[in-house]
Each structure stands twice: as structure tokens, then as C-alpha cells.
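Here are the chains, one letter per residue:
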Amino acid sequence: MCGVFFFLLVFPWFGLDIGGTLVKLVYFEPKDITAEEEEEEVENLKSIRKYLTSNVAYGSTGIRDVHLELKDLTLCGRKGNLHFIRFPTHDMPAFIQMGSEKHFSSLHTTLCATGGGAYKFEQDFRTVGDLQLCKLDELDCLIKGVLYIDSVGFNGDSECYYFENPTDSEKCQKLPFNLENPYPLLLVNIGSGVSILAVYSKDNYKRVTGTSFGNMMSKEKRESVSKEDLARATLITITNNIGSIARMCALNENINRVVFVGNFLRINTISMRLLAYALDYWSKGQLKALFLEHEGYFGAVGAFLELLNSA
Amino acid sequence: MAERGGRGTSSGGDSSLDKSITLPPDEIFRNLENAKCFAIDIGGSLTKLAYYSTVQHKVARVRSFDHSGKSQEKDHHSNMPSPYEIQFQRDHSCDVHFIKFENTYIKPGVVPTIQRPIERRKDVMTCLIKGCNFVLKNIPHEVFAYQKDSDTEFRFQTNHPNIFPYLLVNIGSGVSIVKVETGDKFEWIGGSSIGGGTFWGLGALLTKTKKFDELLQLASKGQHTNVDMLVKDVYGGAYQTLGLSGNLIASSFGKSATADKEFSKDDMAKSLLHMISNDIGQLACLYAKLHNLHKIYFGGFFIRGHPVTMRTITYSINFFSKGEVQALFLRHEGYLGAIGAFLKGAEQDNPNEYSWGENYAGSSGLMSPSPDLCPMQRARSGTFDMFEMDRLERPLVNLPLLKDPSTYIPDTVDLTDDAMARKYWLTCFEEALDGVVKRAMASQPDSIDAAERAEKFRQKYWNKLQTLRQQPFAYGTLTVRSLLDTREHCLNEFSFPDPYSKVKQKENGIALKCFPSVIESLDSLGWEERQFALVKGLLAGNVFDWGAKAVSEVLESEPQFGFEEAKEKLQGIENHSVASCLCEGPPHKCALIFADNSGIDIILGVFPFVRELLSRGSEVILACNSGPALNDVTYSESLIVTERIAAMDPIIQSALMEERLLLVQTGSSSPCLDLSRLDKGLALLVRERKTDLVIIEGMGRAIHTNYYAALQCESLKLAVIKNSWLADRLGGKIFSVIFKYEVPLK
């Protein structure tokens, strides 16, 4: 796609997904930098690369999900690693401020961004950071991201998996699933809210429904009931709810594979196993719940891919 | 106060239990001492009690005198022989009472002594569906759509002859979704654990408010946008590509996750209500879509008529189904389980073989649960809701000649919609109340407690009118008919079954005396003149309506006001050539006539017309009310009157003998007419005789109702406008005539 023109695409390569709660950032770290290149590399760029790759936490809220890092990818003729970073959306102004202080705009890179925040913060990027955002549709990005990451795999392992015996903590097993012929599939993205897409091919999909009842978080505490009990009850209620709406959509669309993505599922085995169980049980084995290792990052990956595409 | 209910609810009559139930005044548990069969359902928060009772009440019976004529009593004032005698007798009828109240009225000790008849979930569901089918079939204006932002929040639906299939979404603690296909075929197709209990539970945790209704009150004051993350919070505006509005909730409670501030209880309650309603709405839509259903009835304690809940659910259904599915609510949703349980228990009485009617006097109606909205109603009945149904002795069916039973609406003006008309009519009924009270007392001069009962009647009806002023939707669509019927029900409740019995008796006597001379003068006219005179007579007869204030005043003050004077009053009769076109063609096979008033109306107006039809070779079915209403002629009165006329007139005589003139009852006791609820016998006869002409007479039957009724055959609607406001509105003068002759398009 970019072939011989790869040199036109200047580093750094980013993909940004600015959601309602979290910002997801994908960063490609080139590993094939030659000595000359290293010398030519402007100071700004070098400092960004070093800052991102030598830390696992940024400020008090930014985190690099080291375990998700994809190693030795070849993209547009360059070899390198893909890093996955997240921070809360309310720190977005600080992020833009930092970009401005580090003269990010002098790098002449295009910043590809998706998610609602791409619209909401566009003005701030321009005025504070002197940066022009390339805004991308979030559903397009989501699907592209899923298909790409699944195709490259997870450092030799399968990106997609499912649970066998989800209710039995002894026998429960996480097993790889081959998503080579993915269509049709129901893609359930659980972020702040929930979006459900029926995907029939790479660029044929429709939004079946959406719900505002997603990753509800409440700070309320009660003495009489333990926090743990409340948290668990809330988690189970919401998960079951999402499961039943996803199931109904799958039935209505006549699709039997349901892929759950989104940061609601991050380190949330309880929900994943519950979804796996509920889908299987209520559909009498007709529906299969599938999960992806890179849970919430597909939008950002999609945005990142668009950057490469634009070259 | 306490003993009465205590006797009924505790099985053993244990006196210590009597004390532990505090019941409100007598009027709540009417006829409890005659209760035949009980059902009680003590739920988590509400107790529902149902009982079937045989009610003893007074009826006015008319009986023909011996034909010797010797025993005929004389009217004291006019020295006129009465055509028949009236006797007040005790009679039995059946009605069912449903009472719903909060458990605070029951102290803990009592509950174990009362057996809960409903145990298993399947039974609960069976009862619910049975109850739902029953109200959908029997109770007019049971179903409504809720539209907060329109002038009329409640859009009552016409009872469709075919109620199936539908989806019932019962929102109790959790949610049950049931597909109902026929009277006994239904299936639990889904549910959710996120329901009223979730709202209550999470709401209590969030706001520390323990009471359900208080939570809803908080919710109705709150702003969910302070707590919810909206599309515009994420995008900074609308999400153009998906066409999502900026005000759409992107994430319920989403703002509280990251904002470090205190949220107001009101806002959190509102957000929670939205979250749960939207969720249920979305799920319900998905099920409706999957099963190809277009009607969803919502019930359960979560709804309980709360406007804020109905609003969010309706919004959610419209949003998710893009208008393909309709969210509907029931006026009596809180009673469905109790009605179903009761029907199950009363199967030996074959409740499904009867028709039932809502008794407006004994039912508290749909009311806003918010005490600020109707303080008066609340103060009167506390937290008790009542629903009373009368068992009608004969089944009611559609008139087979209705053009489209599914779109037929009896009432001409919807007073819930038309605020001006509503104000006028409510005031009109208020002003007429004194007269009705006086008339009621006068109808029972020998009764010692008549004055006291009449006063109670006044209070009750006055209160109903005040309730309707504040909540016009309380008993379904408010109409002139429902105002009239409510008055009849209230009169009956206080044992004034027929306040006009004496008036009718007297007027029938006078009119019968005039009959021969009226016939003689008609017979002397040529054909064309006679047709005109007949129609004029029909209309002049209809002036004699005690229900119209303008007329009753004349009748009270001018005792000599008669048939000829009435003819003089008529306005706009001159160019009614239509009269002859009705009679010009070949004779009709059979005419069905719905008669209006006793006396001059039926005897000097309708009968000469009937006689003309009979002479032309048509058959005539004369339909009169089964029970009394105002001075309308009843079926039993019509039997006697016809007998007396037959004795004077050979044409009527032979038609009766040859069964070419048939008298039937309508099944109704209303001054108006609902053609979708008519006596089955009438419907059978209409079909059997191949009726091809329907004549509807009088303001109540042809103007307040049926003015727009479309029939499959020729029809004539005629009346005299005896109300100046209505005349004004229709662009005419008082005593203008309405003569609407319609021939259906082939």
C-alpha cells in the first residue's frame, strides 16, 4: 500500500481513540532505525520515542499495557513494535498541553484520531497544540482494527479466544479460536456505553442497536452492605444485561458468533465468563461468545492503520 | 370501621385480628357482607383483595294493570288514569370488587393467617394473562398510549375486536416478557433481572430514600444530564454519521465515574429511572421484533401510572423500534393478577359467559400517584384504589351492521381532548345536579331516608366531577356519555334506580290518550304531507327530554306544554324534503329503531312512524334500554306501551301478532348508545331479519354518540338540539333539528 513511498510517511506513527472515559493510544516504535537515521532524528522525535518506550506509566494516570505489545511487525516496509497506551479522557487537556510544550506540531505528522473526543477536542488540538486532527469514523476504525490485529496474531498466539466450561472454575479453559472466516459476526463493543454491530464483510456492516447501559460506575458506598458485594452484584447485573441484549440482537440478525470487545472486559474475567455462559445457556449452545486479547484498543489500531493508508 | 373489614379478611373471625387491621371508611369495602367468594393477594408492597358479591338493590318494576281497568289508580294531580303500575322491588345483581392498598394497613401478625392463593410462578403468570385478556375484552378504554408532550397525555384506544397477539411486559421486581397468542396460549419468552427492584434497590443505595414512590418523586424533579454522559459530552455535539442526537445518553451514570463531586439525589434517581426504563424498552423491542409483534402492554408495580415512568418507557420504545412498536399501558394494570386469580376461582360461575361493565361509582379511576396532583382524591380514599365491575346478565356484542367494528368510536366529542367542551359540560352537569337530587327525592316520597341518600348521591357525583376536572382521563376518554353514565351509576349506588319512573308513567298515560287523534289527523293527510308530518312528529316528540335543562325547565313551569307546542319550537324543519326520499324507494326489509324518551316521544313520535313503516310492508325492530336512564323508555315500559297501542290500533296489533313488529332490549342502561356493546339477542335478530335501515333517535344516541358512526346499511340519525351551547357550536339555534340520512356507498 505504501511500498516505495514509505519514506514519505514521517515518524512518529500514532493512532488515537478518544472515548467518553478513556483515551487509547497506539504507537509504532521502529526497531530498524539505522545509525544515520538515528543521527538525523530530530531531538523532539527521539525524546518522544524514548519517553514512550522506556516507561510503563506516564504521569499519574497514563499506563502502557506492556503485556499487549506486538513485537516485530512489518508495516510500510518498517519493522517495529506496536505499543498500547491508555489514560483517562479527563486528562486530555493535559495531554494536548504536553504536545504543545514538546512542539509536537514541528514534526509535521498527521494525527489520526477516532472516537467522540476526536470531534470534541479538535478545536483544542488546533488552538493549543497547533495540530490538525484527521478525524475518522469510530465504527470503521473498530472493525478495521479487529480484522488487522486478528490477522497478525498475538506474537505467535491467537488473538481470538473463547471459554470452555465457563461456569466451572476448575475446568474453565481459555482456548484459541480461529477467526479466519469471520463473517457474519456480531461485534459488541462495551465501552462507556455499548454499541452492537452486525458485520457481513470488511466494509459491509450496520449498527444494530446501542445502549447507554454499559460500564456504569458509581462512587456510592454503603456501610450495611460490603463494597465487594455491591460491586460484584452491579457487575453481574450489567454483564447479564449486555449478554441478553447481545443475544437478542444475534437472534434478530441470525448471526451465531458474537465478539465482545471494549475496555469493560479488561481484567474482567468474571464478566467474560458470565457472557460466555449466558450466551451458551440461553441459546442452547447456538451462540458462541468470543473475546479478543487487545480488548479496548481496536479503534486506536484502526485509526493508526488509516494513517498508514493515507501515505 | 375496623370490624367490618376484619370480619371479611380473617377466616376465623378471631377478634384479636380485627383490631390489627385498620380499614378506611365503609365506602371502600362496599357490599362486603354479601361477599360470595374472595381472593386475596398479599404482595411485597401491595395487598389486593377481590370479592364477588350479590348486591341487593332497588329496582323499579312496571306492571300492566288488569284489563278490566277497575283497579287503575288515578294520578292525584291530573286525575288521569295511569297506564301501568310501578313497584319498587328488591333485586339481586352481581358485581366484583377489587381493592388495592399498601401493606401499611396490615400489621405483621395478620399476614400468616391469610393464605396466599397464588404460589407458583406459572400460576402467577396464568392469573396475570387471564386478567389482562379479561380487561382488554371487557373494559372500554382500558388501553392507553402515553404522550407526555401532547395536550392529552393519555391516548385511550378503542377496544379492538381481536386483542391477540400481544406482548405483555410485566415489570415487578424483575421483568417478565410474555407473548400472548390466544385466550389460553401464552409463552414466557424472556425476562430480565433489571426491573423495579433494581430501581428501588440501587435507588435506595444512591439516595438513601427507602420508599419507592419517594424515589419516583425525586426522579421527577431530577436532571439526568448532570449524571449521565451524553453523546454531546463525548463528541462535543451530535454524532452526525450515525444520526445520534447530542442529547442522547451515551453512558448512564457515565459522568459520575470521573467527576469528583457530589451528585444530587434527584439527578441520580432520574438517571437510574432512565437507565432502567431504557433498558427494559430496548429488551422489549428486541423481543417484539423477534416475534413480529407490534403491541406491547406494560404492567407491574414499577409502572403504577407514574407519568415519569410511562414517559421514559414510551420514549425508549419509540426510539428503539423507530415507531414500529407501540408502548401501551392499562388503566387497571395493578389489578390484573387479582382479576385473573379471581376468574380462576370463580370458574363455576362462568364469568367469561357474561359481559361486564366498569362501575364508575365504585371505581376510584386512574389517578396520578403523586399526592400533589390530586390532594382531594387522596384525602378521600387514602392509599386505597378501587375497581368495581358489574356483571351484566346478558352478553354484549357488536351491532352486525357496523361498517368497521375495529375503528368504531361511539363518542362524538372527546372531552379529554377538547378543553373548552370539557369545561362547559362539567359545569353543565354541576348545575344540573340540584335538579337531579330533587328529582331523586321526589321519586321516593314514601322513603324515610330518601333525603339522606339523595344528599350522599350529590356528594359522590360532585366529587366525581371534581376529580374529572383535575384528571379528565381518570376513567378513560371523558365524554358526555361517561358523565351521564357516571351519574346513573351514582344514583344506583344510593338506591335511586329510576328517579323518573313516575314522570314516565304520567307522560305515557297522557300520550296514550292522545294517540288515536294523532293517528286520525295523520291518516287524513296526503302521502307527501303525511311523510313530512311523520318526521316532524318524530322530531317534536324528541323535544320531551328531561335530561336537557332547557326542556325540563319548560316542562316544570308550563304543564300544558304538549306535542303541538313542541312542533312550534322546532327550528329548521321547513326544508326537510329528505323525509320523503327515505320513504320513496321500495320498502325496506326491516328497520331497527333505537328509541329515546318515554311519553310523547315514543308514543306520538315513534309509533306513528313505525306504523307507517309497517303499512309499507317493512318489519320493525324497536330497541329500548334494558335498564332505566333519565326518562328514556325502558324495554319493560315499551312492552306495556305497545300492548296498549295495539289495543287501539289494528295495524300495530296485527304486526305484533305476526311478529313483524318486534320489541327488544339494547343491553344498555345509558342515555347514550354504544353500538359495540349491544344485547346479543338484538344482534341475532338484526341478522335474522336482514335489517337494512337503522334509525337512531335523540341527542344522547345520535349526537353525543354515533353522529359519525358508519353503518353498512341506510341509516337515519335524528334529534333535536336542546342545548344552546351545543347548538351554537354546531352553528344553529336551540331546538334546531338534526336529520342525518346516510346511504352507504356501494
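Residues numbered from 1 in each chain as written. Chains lettered and ligands numbered in written order. Predicted model: local features only at pLDDT ≥ 70, side-chain atom pairs only at ≥ 80, totals over all residues. Heavy atoms only, no water.

- Identification of chain B as 4'-phosphopantetheine phosphatase from Chelonoidis abingdonii is taken from an unreviewed UniProt entry.
- Per its UniProt entry, chain B bears the Subunit (unreviewed entry) comment "Homodimer. Interacts with PKM." (UniProt positions renumbered as here; feature names shortened; annotations may be inferred.)

- Where an unreviewed UniProt entry is consulted, chain A appears under the name pantothenate kinase, with the organism given as Chelonoidis abingdonii.
- The record in UniProt for chain A states the following under Subcellular location (unreviewed entry): "Cytoplasm".
- For the record of chain A, the UniProt heading Pathway (unreviewed entry) holds the text "Cofactor biosynthesis; coenzyme A biosynthesis; CoA from (R)-pantothenate: step 1/5."

1. Here we look at the overall build of chain A
Part 1 of the reasoning: The helix and strand inventory of chain A stands at nine helices and 15 strands.
Part 2 of the reasoning: Expected size for 311 residues packed as a compact globule is a radius of gyration near 19 Å; at 20 Å, chain A falls within 12% of this value.
Part 3 of the reasoning: Projected onto the principal axes, the alpha-carbon positions of chain A cover approximately 60 × 50 × 35 Å.
Part 4 of the reasoning: Taken over 311 residues, chain A has a buried fraction of 54%.
Part 5 of the reasoning: Counting only contacts in chain A whose residues sit at least 6 apart along the sequence, the fraction spanning at least 24 positions is 66%.
Part 6 of the reasoning: Accessible surface for chain A amounts to roughly 14100 Å². Of this, 50% is attributable to carbon and sulfur atoms.
Part 7 of the reasoning: Taking the 31 positively charged and 38 negatively charged side chains of chain A as two groups, their mean positions are separated by 6 Å. (Helix = DSSP H or I, 4+ residues; strand = E, 2+ residues; numbered from the N terminus. Rg over C-alpha atoms; globule rule 2.2 N^0.38 Å. Buried < 20%, exposed > 50% of the residue type's maximum accessible area, 1.4 Å probe, protein only. Contact = heavy atoms within 4.5 Å. Areas by Shrake-Rupley, 256 points an atom, 1.4 Å probe, with all protein chains shown as cover. Lys, Arg positive; Asp, Glu negative; His and termini not counted. Charge placed at Lys NZ, Arg CZ, Asp CG, Glu CD.)

2. A word on the overall build of chain B
Part 1 of the reasoning: Along its length, chain B carries 25 helices and 22 strands.
Part 2 of the reasoning: Within the span of chain B, comprising 746 residues, buried residues form 60% of the whole.
Part 3 of the reasoning: Looking at chain B alone, contacts between residues at least 24 apart form 73% of all its contacts between residues at least 6 apart.
Part 4 of the reasoning: Here chain B has roughly 30400 Å² of accessible surface; of this, 51% comes from carbon and sulfur atoms.

3. Considering the pattern of salt bridges
All names here are of chain B.
Part 1 of the reasoning: Per the counting criterion, the structure on display carries 42 salt bridges over all chains.
Part 2 of the reasoning: Residues Arg469 and Glu430 are paired through a salt bridge, measuring 3.0 Å at the closest nitrogen-oxygen approach. Residue Arg469 is located in helix α13 (residues 450–470), and its partner Glu430 is located in helix α12 (residues 419–443); the two are separated by 39 residues in the primary sequence.
Part 3 of the reasoning: With a closest N to O distance of 2.7 Å, Arg611 and Asp649 form a salt bridge. With Arg611 in helix α20 (residues 600–615) and Asp649 in the loop between α21 (635–648) and α22 (650–657), this residue pair connects regions lying 38 residues apart in the sequence. (Salt bridge = Lys/Arg side-chain N within 4 Å of Asp/Glu carboxyl O.)

4. Some remarks on the pairing of strand β6 (residues 166–171) of chain B
Residues and elements named next belong to chain B.
Part 1 of the reasoning: Among the six residues that make up β6, six are buried, leaving the element largely enclosed by the rest of the structure.
Part 2 of the reasoning: Of the two faces of β6, both are covered, the one formed by Tyr166, Leu168 and Asn170 as well as the one formed by Leu167, Val169 and Ile171.
Part 3 of the reasoning: Bridge analysis of β6 against strand β7 (residues 175–182) gives six bridges, and the strand direction is antiparallel. Residue pairing across strands places Tyr166 opposite Val180, the latter belonging to β7.
Part 4 of the reasoning: Between β6 and β7, which pair antiparallel one after the other, the connecting turn spans three residues. (Pairing = 2+ DSSP bridges.)

5. Quick look at helix α8 (residues 269–282) of chain A
Residues and elements named next belong to chain A.
Part 1 of the reasoning: The end-to-end C-alpha distance of α8 is 20 Å, a good match for the 20 Å that 14 residues give at a rise of 1.5 Å each.
Part 2 of the reasoning: Of the positions making up α8, those classed as buried are Ser271, Met272, Leu274, Leu275, Ala276, Ala278 and Leu279.
Part 3 of the reasoning: On its buried face, α8 sits against β9 (160–164), β11 (185–190), α7 (227–253), β14 (257–261) and β15 (288–292).
Part 4 of the reasoning: Immediately beyond the C-terminal end of α8, within one or two residues, lies Lys284, with a positive phi of roughly 50°. (Expected span 1.5 Å × (residues − 1).)

6. Some details on the side chain of A:Glu122
Residue and element names in this part refer to chain A.
Part 1 of the reasoning: Checked against the element boundaries, Glu122 lands in helix α5 (residues 122–127).
Part 2 of the reasoning: In this structure Glu122 comes out as buried when scored by relative accessible area, which is 17%.
Part 3 of the reasoning: Looking at Glu122, its side chain comes within polar contact range of the side chain of Lys135, at 3.0 Å.
Part 4 of the reasoning: What Glu122 contacts, discounting residues up to four positions off in sequence, is Gly117, Gln132, Leu133 and Lys135. (Polar contact = N/O pair within 3.5 Å; in protein donor to acceptor, adjacent residues only side chain to side chain.)

7. Overview of the sheet that holds strand β21 (residues 714–720) of chain B
All names here are of chain B.
Part 1 of the reasoning: In space, the six strands of this open sheet follow the order β18-β17-β16-β20-β21-β22, with mixed pairing throughout. The two strands at the open ends of the sheet, each matched to only one other strand, are β18 (661–665) and β22 (737–742). Neighbouring strand axes in the sheet, compared pairwise and without regard to direction, differ in orientation by 15° on average.
Part 2 of the reasoning: As paired strands, β21 and β22 are joined by six bridges and run antiparallel to one another. Across the sheet, Lys717 pairs through a bridge with Lys740, a residue of β22.
Part 3 of the reasoning: Of the strands in this sheet, β17 (619–624) and β18 are in contact with α21, which crosses β18 at around 160°. (Axes fitted to C-alpha atoms, helices over the stretch in contact; angles between N-to-C directions.)

8. A look at the sheet that holds strand β8 (residues 185–192) of chain B
All names here are of chain B.
Part 1 of the reasoning: Strands sit in the order β5-β4-β12-β11-β6-β7-β8 across an open sheet of seven strands; the sheet is mixed. Since the sheet does not close on itself, it has two edges, and those belong to β5 (154–156) and β8, each with one partner. Ignoring strand direction, the axes of neighbouring strands in this sheet form an average angle of 35°.
Part 2 of the reasoning: Where β6 lies against strand β11 (residues 295–299), four bridges are found, and the strand directions are parallel. Each residue of the ladder has a partner; that of Asn170, found in β11, is Gly299.

9. Description of unusual backbone geometry
Part 1 of the reasoning: Residues A:Tyr183 and A:Pro184 are joined by a peptide bond in cis, for which omega reads -10°.
Part 2 of the reasoning: The omega torsion of the bond from B:Phe164 to B:Pro165 falls at -10°, within 30 degrees of zero and hence cis.
Part 3 of the reasoning: Position of B:Pro165 among the secondary structure elements: in the loop between β5 and β6.
Part 4 of the reasoning: Located in the positive-phi region is B:Lys208, a residue other than glycine, with phi close to 60°.

10. Looking at the packing of aromatic side chains
Residues and elements named next belong to chain B.
Part 1 of the reasoning: Applying the stated criterion to the full structure yields 45 aromatic pairs over all chains.
Part 2 of the reasoning: Plain terms: the ring middles of Trp425 and Phe429 are 6.4 Å apart, the flat faces sit at 50° to each other, and that makes the pair tilted. On the criterion of helical spacing, the pair formed by Trp425 and Phe429 is a turn pair, its members being four residues apart in helix α12. Just as Trp425 is buried, Phe429 falls in that class too. (Phe/Tyr/Trp six-rings, centres within 6.5 Å; stacked < 30°, edge-to-face > 60°.)

11. Examining the state of the cysteines
Part 1 of the reasoning: Counting across every chain of the model gives zero disulfides over all chains.
Part 2 of the reasoning: Here A:Cys112 is not cross-linked by a disulfide; its sulfur's nearest cysteine counterpart is in A:Cys134, at 3.8 Å.
Part 3 of the reasoning: Given a relative accessible area of 1%, A:Cys112 falls into the buried group.
Part 4 of the reasoning: Cysteine B:Cys672 remains unbridged, with the sulfur of B:Cys428 as its closest cysteine sulfur at 13 Å.
Part 5 of the reasoning: When its relative accessible area of 1% is taken as the criterion, B:Cys672 is described as buried. (Disulfide = S-S within 2.5 Å.)

12. Structural notes on the packing of helix α6 (residues 138–152) of chain A against helix α9 (residues 298–310) of chain A
Residue and element names in this part refer to chain A.
Part 1 of the reasoning: The contact between α6 and α9 brings their axes to 7 Å, and the two run at 90°. Relative to α9, the element α6 is oriented roughly perpendicular. Residues Cys141, Leu142, Lys144, Gly145, Val146, Tyr148 and Ile149 of α6 pack against Phe298, Gly299, Val301, Gly302, Ala303, Leu305 and Glu306 of α9.
Part 2 of the reasoning: A breakdown of the residues in the contact of α6 with α9 according to their chemical character gives nine nonpolar, three polar and two charged. (Parallel < 35°, antiparallel > 145°, perpendicular 65-115°, else oblique. Nonpolar A, V, L, I, M, F, W, Y, C, P; charged D, E, K, R; others polar.)

13. Some words on the interface of chain A and chain B
Part 1 of the reasoning: The interface of chain A with chain B comprises 37 residues on the first partner and 38 residues on the second.
Part 2 of the reasoning: Each partner contributes to the roughly 3300 Å² buried at the junction of chain A and chain B, and carbon and sulfur atoms together form 60% of this total.
Part 3 of the reasoning: Scanning the region where chain A abuts chain B turns up zero salt bridges.
Part 4 of the reasoning: Applying the counting rule to chain A against chain B returns nine residue pairs in polar contact (both at pLDDT 80 or more).
Part 5 of the reasoning: Looking at the side of chain A that touches chain B, the elements that each hand over two or more residues are α4 (116–120), α6, β13 (204–211) and α7 of chain A.
Part 6 of the reasoning: Element by element, the count of residues in the side of chain A that touches chain B is highest for α7(A), at 11 residues. (Buried area = accessible area lost by both parts, 1.4 Å probe.)

14. Some thoughts on the environment of B:Lys130
Residues and elements named next belong to chain B.
Part 1 of the reasoning: Relative to the elements of secondary structure, Lys130 occurs in helix α3 (residues 121–138).
Part 2 of the reasoning: Taking C-alpha positions, Lys130 is 46 Å from Val543, a pair spaced 413 residues apart along the chain.
Part 3 of the reasoning: Every residue in contact with Lys130, bar those within four places of it in the chain, is listed here: Gly340, Leu343, Lys344 and Glu347.

15. What to know about a nonpolar patch on the surface
Part 1 of the reasoning: On the surface, a nonpolar cluster with roughly 440 Å² of combined accessible area is contributed by A:Tyr277, A:Tyr281, A:Trp282 and B:Trp188.
Part 2 of the reasoning: Looking at the nonpolar patch, the element that brings in the most residues is α8(A), giving three residues.
Part 3 of the reasoning: Note on placement: B:Trp188 falls in strand β8. (Patch = residues over 30% accessible without salt bridge, like charges linked within 9 Å, V, L, I, M, F, W, Y side chains within 5 Å.)

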